[in-house]
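Structural overview
Below are the chains, spelled out letter by letter.
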Amino acid sequence: MNNSVNVQDSSMVLALDRIITEIQDELDLVKEQNKISAESLKRSGLSGSEATKILSEKLSNVTHGHSSLIISKENDVTAASPIQFTSLIGSNLGYQNETRFANERKEPVISNIFYLEEGFYGISISYPIFSDKNEYLGYTDVTIRPEEFLRPILVPFTEQTGYEVFILETGGMTVYETSEAEIGTNVLTDPIYDTNEMRNVSRTVVENKEGAIEYTFWNQNWDKQVRREAVWTSLEQDNQEWRIGLVKNLDDSNNENRSVSQISSSDLDTSISDLKQFVQDTAVAARMKGKENACADFNNLSGAYVTDDMYIFAYDMNGTTLALPYQQGLIGKSRMDLADVNGLSIMPAFLDAAKRGGGFLYYIYKNPQNEYQNQLKLSLIEPVDENWFIGSGVYVPWINAELNQEDIKALINRVKHAVSHAQEVGKEQAVKDFNDINQSFANGGSYIFAYGYDGTTLALPYQPEIIGTNRMNYLDMYGVPIIAQEIYTAERGGGFVYVVYYNPDTANNELKLCYVLPAGDDWLIGSGIYTGTNLI
């Protein structure tokens, strides 16, 4: 390795080799599934129900695959999966450089990050389709959101080693960063890196296949700038070349003690009442003061809006940070890609709550009092006006809500299987099957549930008396509108939601991480993992 500095910790090099191998294995899995589907498609044809079934089967074997298309050599979409993307069939994507490039190459391709027709920034991993006579027909792909695809590998790795991870394209685009605020930025042009030192670091990394370098930048918590060391090498597959690196702080000083206190289980109800009053009063004050003056007050660590129990955060409706007193390096930065360690998309959930007039929600976030350790948080969102919102929350430190990535993978696959079943047998039969406690879909706490987008309960096998009722306005015991949040999440394309709900295995109300997917234009399917503990 040609180092710009001597690597002070040889374990970083060994860890880097390990993570490269794990990422390569995941990419190889997608490539193999694409290859299998391409072989099947040359016999079935590129359109029709059989082609769609082949795509669905492929996605069921790629846990964090977001969608799959078949694109003809004329750049037309001929089939799509899951069902919410079938509206793309018939579209011509020839205007996309990445689509034309894949058809021109006629070989396996990993695209750069670009805005996909599916409605998000992601990567297309594609494979060519040839006829039995070796005539090129087009290609099929798996599209991924890099943070979702890589999180099951890199979150446990970071927790085990303490190293942060970055993945860059050679053009400077950030494919992945442990610090989520940097995902999607270009290290060569983004203002966040606009210092002579950081521009030099960025150029050094993208222009060299491997190396090591020291520099000063914000730490992972975005609360102070520290001296850091980065070590990187390259992963080359098909046409793509990524710089993959590890980062550690050279400053070993501990975070200073913070004034945010942690509540006890016996105080939770009182703290929720206090939280509601605090946020509502603050919203009134913000409307009187105006955004600029209010946010200046919110960002003052010694001010009235950082109390013994809580602090105020604020964002605009584009997800840009306006106030975050303990992480002021993030002010002015977009956090639309903000997700917690289990994969819940935090900012879209914030925006959903703000747009519907405010409300409570759960997620996992760094606790500044406890050395920025991840802890479950119950927050209340309140819109100030149509352009921005505020929020605050209470940490619940006695709940270990971080789940095993293998369990999360099994949850996603369980829901995908249920959606595939519904597509195969139809909505009416699928709902009957989900409600039948003698079938595998009703497997204790791993049961499948289903709701209409209007809030109607379609499947809830262990509470049959609720089937057919409308639960759009249902609140759990802490005031969280959990059914509405599941519906909004499914309408966005699917994802995670935390709820406190009845566990048929224990007959207790427990914290649960749910995963939901759209099953059609008007209903969702979901399942969950109970943590085995409640908030009280």
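Because the structure is predicted, anything quoted here is derived from the model rather than measured.

1. Thoughts on the sheet that holds strand S19 (residues 495-503)
Sheet architecture is open: five strands sit in the order S18-S17-S21-S20-S19, paired in antiparallel fashion. At either end of the open sheet lies a strand with only one pairing partner, and these are strand S18 (457-459) and S19. Across the sheet, the mean angle separating the axes of adjacent strands is 35° when strand polarity is ignored. Judged from the nine bridges that link them, S19 and strand S20 (residues 508-518) form a sheet pairing that is antiparallel. Paired with Val497 across the two strands is Cys514, which belongs to S20. Lying on the sheet, helix H10 (residues 427-435) is in contact with S18 and strand S21 (523-530); it crosses S18 at an angle near 75°.

2. Some points on the pattern of salt bridges
Applying the stated rule across the entire model yields 17 salt bridges. The partner of Arg228 in a salt bridge is Glu164, with the nearest N and O atoms 2.2 Å apart. Here Arg228 is found in strand S10 (residues 225-237), whereas its partner Glu164 is found in strand S7 (residues 164-169), with 64 residues between them in sequence. We note that Arg228, like Glu164, is buried. Residue Lys427 is joined to Asp522 by a salt bridge in which the shortest nitrogen-to-oxygen separation is 3.5 Å.

3. A look at the confidence of the model for the chain
The predicted model of the chain has a mean per-residue pLDDT of 91, with 94% of residues at 70 or higher. The low-confidence segment residues 254-261 (pLDDT under 50) makes 25 contacts with residues lying over four places distant or belonging to another chain.

Calculation notes
- Residues numbered from 1 in each chain as written.
- Predicted model: local features only at pLDDT ≥ 70, side-chain atom pairs only at ≥ 80, totals over all residues.
- Heavy atoms only, no water.
- Pairing = 2+ DSSP bridges.
- Helix = DSSP H or I, 4+ residues; strand = E, 2+ residues; numbered from the N terminus.
- Axes fitted to C-alpha atoms, helices over the stretch in contact; angles between N-to-C directions.
- Contact = heavy atoms within 4.5 Å.
- Salt bridge = Lys/Arg side-chain N within 4 Å of Asp/Glu carboxyl O.
- Buried < 20%, exposed > 50% of the residue type's maximum accessible area, 1.4 Å probe, protein only.
- pLDDT = per-residue confidence, 0-100.

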